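# Structure assessment
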Amino acid sequence: MAQELIISISGMRGIIGENLFPSTAAEYAAAFGTYLRRTAGEGISVALGRDSRPSGMMLESAVAAGLCSAGVNVIRLGIVTTPCVGVMLRHLKCTGGIVITASHNPIPYNGIKLLLDNGIAPPADKTALIRRMYFDKDIKYTASIDCGKAEDEGRTDDIHIDKVLALCDRDKIASRGYKIVLDAVNGAGGRIGSKLLETLGCEVVGMNLEPTGIFAHTPEPTAENLTGLCEAVPQHKADAGFAQDPDADRLAIVDERGTYIGEEYTLALAAKYVLSKTPGDVAVNLSTSRMIDTIADEYGCRVIRTPVGEANVASAMLKNGCTIGGEGNGGIIDMRVGPVRDSLVAMALVLQYAAETGLAISELVAGIQPFVMHKAKITVNKDKLEAMLDKAKQAFAQARVNESDGCRFDLPEGWIHLRASNTEPIVRVIVEAENDKTAKNYLDTTLSLS
C-alpha cells in the first residue's frame with residue numbers, strides 16, 4: 001500500500017515516484033505563491049535552495065516553475081543548507097523561502113519546506129490554509145507577461161558565515177589549533193561547514209563532504225549511524241567530530257575520545273555558553289532533555305516548552321525575546337543569525353565555549369548533569385493514537401500532562417512524550433529519566449500500550 005503524502009507544519013514530504021512528483025511540487029509551489037501574492041501583493045520574490053539529493057534538481061525546476069506560474073520571482077541559491085535559505089531570504093528581503101529537503105530521511109524521500117519573510121515556517125493556521133489551497137486547486141495562475149523570473153545567487157556561503165562569525169571570537173578559537181573531523185553525510189553542509197571551520201583556524205578532516213546526495217550511511221546523526229566518525233576522531237587525534245544531517249540544520253558531536261555524546265548535548269553545551277554570557281529565557285520543544293532545565297536553573301532562567309517543530313520554537317523565541325533556543329535533535333536557534341536551526345551556529349558556539357574554558361569536549365560534557373534518554377518509533381494508525389494516549393494517561397496517572405503536542409507526562413524521576421511525527425507516518429516515543437532502569441521502564445510501559 002502506497003504511503004500517504006505528508007503535509008504538515010514541516011511542509012510537504014513524500015517518496016519520489018510514489019507520491020511526490022514534479023506536478024505535485026509545481027502545484028504546491030504555485031499554491032504557496034498564490035498565498036504570498038494575496039498577502040503581500042505584486043513584485044515579490046522567493047529564495048529557493050535544495051539539499052544534495054538526486055531528486056533535488058528535478059524538484060527545484062518544478063518548484064521554480066510553480067512559483068513563476070503564479071507570478072512570483074525566484075532567486076535560486078543552488079545546493080545550500082536549510083539555515084542558508086533562512087539567512088538569504090531575509091538578506092535579500094524576499095517575501096518567502098522554499099527549501100527542497102527531506103532532512104534526515106533516506107534517499108527515496110524528498111520534501112518542500114516553506115518559509116515566510118521572517119525566516120520561519122508558516123504557523124499551523126497558515127499551513128492549513130496553504131494545504132487547503134493546494135488540495136482545492138485554489139491557485140491564481142498568471143498570464144504570460146506576468147510570469148515570474150528566475151535568477152541565480154552565489155554569495156550564500158560568505159553571507160551566512162559572516163553572520164555566524166559575529167557570534168564568536170575567531171582569533172580565540174584559532175589560537176587553540178583545533179582539529180575537527182566533519183561528517184557531512186554527502187549532504188548540503190560539507191562545503192560551507194568546512195569553510196567555516198577553516199575560517200576559525202581549525203584543521204578539517206573531511207568525511208563524506210561531496211554533495212552527491214548518495215548518503216555514505218543512514219543520514220540521521222544518531223549513534224548507530226556515526227560509528228565511522230567515532231573511529232575517525234581518535235584515529236586522527238582530533239579534538240572533536242561534528243556530524244551534520246543532509247540539510248545541515250542539525251549537529252551531533254563526538255568527543256576527543258571518539259565517544260558519541262549525542263544531539264541533546266549540542267543544545268545543552270551551546271545554551272550553557274550563551275546563558276553564561278547573556279542570561280535569558282530559553283525555548284525548546286517538549287521532546288528536549290531536562291538537561292536544559294538544569295542549565296537554565298543554574299543561571300536563573302526560564303525554560304519555555306513548545307510543540308515539536310522548528311517553527312513552534314522560533315515563534316516562542318520571538319514572542320518571549322529568548323536568548324537561545326532549539327530542539328534536542330541537535331538543532332540550535334540563535335536569533336542573531338536567524339530563526340532556523342543551524343549546524344554552523346552550533347559549531348561556532350561549542351568551539352567558542354571550549355576555547356574560552358580551555359576544556360576538552362568530554363570535560364565540558366562532564367560539567368552538565370546527565371540524564372538517560374531512550375527513543376522508539378512505532379506504527380499506529382492515527383485513529384488509534386487517541387486510544388493509546390488514553391491508556392498512557394491511565395498508566396501515568398500521577399504525572400503532570402501537557403497535551404499541546406500528543407502527550408508529555410512529567411514525573412519527579414523523568415518524563416515520557418508520545419506524539420505523531422510531523423514528517424513520517426509513525427508515532428514517536430521519547431522517554432528520559434535520571435537512571436537507565438527508570439527510563440527503560442517508562443519505555444517498556446509505553447510500548448506495551450500500542
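Residues numbered from 1 in each chain as written. Predicted model: local features only at pLDDT ≥ 70, side-chain atom pairs only at ≥ 80, totals over all residues. Heavy atoms only, no water.

Under an unreviewed UniProt entry, the name given to the protein chain is Phosphoglucosamine mutase, and the organism recorded is Limihaloglobus sulfuriphilus. UniProt's Sequence similarities (unreviewed entry) comment on the protein chain is quoted here verbatim: "Belongs to the phosphohexose mutase family." Recorded under Cofactor (unreviewed entry), the UniProt text for the protein chain is reproduced unchanged: "Mg(2+)". (UniProt positions renumbered as here; feature names shortened; annotations may be inferred.)

Here we have four strands laid out as an open sheet, ordered 14-13-15-16, and mixed in their pairing. The sheet is open, and its two borders are formed by strand 14 (303-306) and strand 16 (331-333), each paired with just one other strand. When the angles between neighbouring strand axes are averaged without regard to direction, this sheet yields 20 degrees. One ladder, built from three bridges, connects strand 13 (residues 282-285) with strand 15 (residues 324-327); its direction is parallel. Across the sheet, Ala 283 pairs through a bridge with Gly 325, a residue of strand 15. Strands in contact with helix 10 (residues 291-298) are strand 13 and strand 14; relative to strand 14, the strand with the most contacts, it is inclined by about 155 degrees. (Pairing = 2+ DSSP bridges. Helix = DSSP H or I, 4+ residues; strand = E, 2+ residues; numbered from the N terminus. Axes fitted to C-alpha atoms, helices over the stretch in contact; angles between N-to-C directions. Contact = heavy atoms within 4.5 Å.)

Before going further, it helps to examine the packing of helix 7 (residues 190-199) against helix 12 (residues 343-357). Running from N to C, helix 7 and helix 12 point in directions that differ by 25 degrees, and their axes come no closer than 10 Å. One finds that helix 7 runs roughly parallel with respect to helix 12. Where helix 7 crosses over helix 12, the handedness of that crossing is right-handed. Residues Ile 192, Gly 193, Leu 196 and Leu 197 of helix 7 form the contact with helix 12, whose own contacting residues are Leu 344, Met 347 and Leu 351. (Parallel < 35°, antiparallel > 145°, perpendicular 65-115°, else oblique. Left-handed = near helix turned anticlockwise from the far one by under 90°.)

Attention now goes to the sheet that holds strand 17 (residues 372-378). Read across the open sheet, the five strands follow the order 17-21-20-19-18; overall the sheet is antiparallel. Looking at which strands have only one partner, the edges of the open sheet turn out to be strand 17 and strand 18 (400-402). Taken over all neighbouring pairs, the strand axes of this sheet differ in orientation by 15 degrees on average, direction set aside. Two strands pair when backbone bridges link them, and strand 20 (residues 414-420) and strand 21 (residues 427-433) are joined in this way by seven bridges, in the antiparallel orientation. Considered in strand 21, the bridge of Leu 418 is made with Val 429. Running at roughly 155 degrees to strand 21, helix 15 (residues 436-447) makes contact with strand 17, strand 19 (407-411), strand 20 and strand 21 of the sheet.

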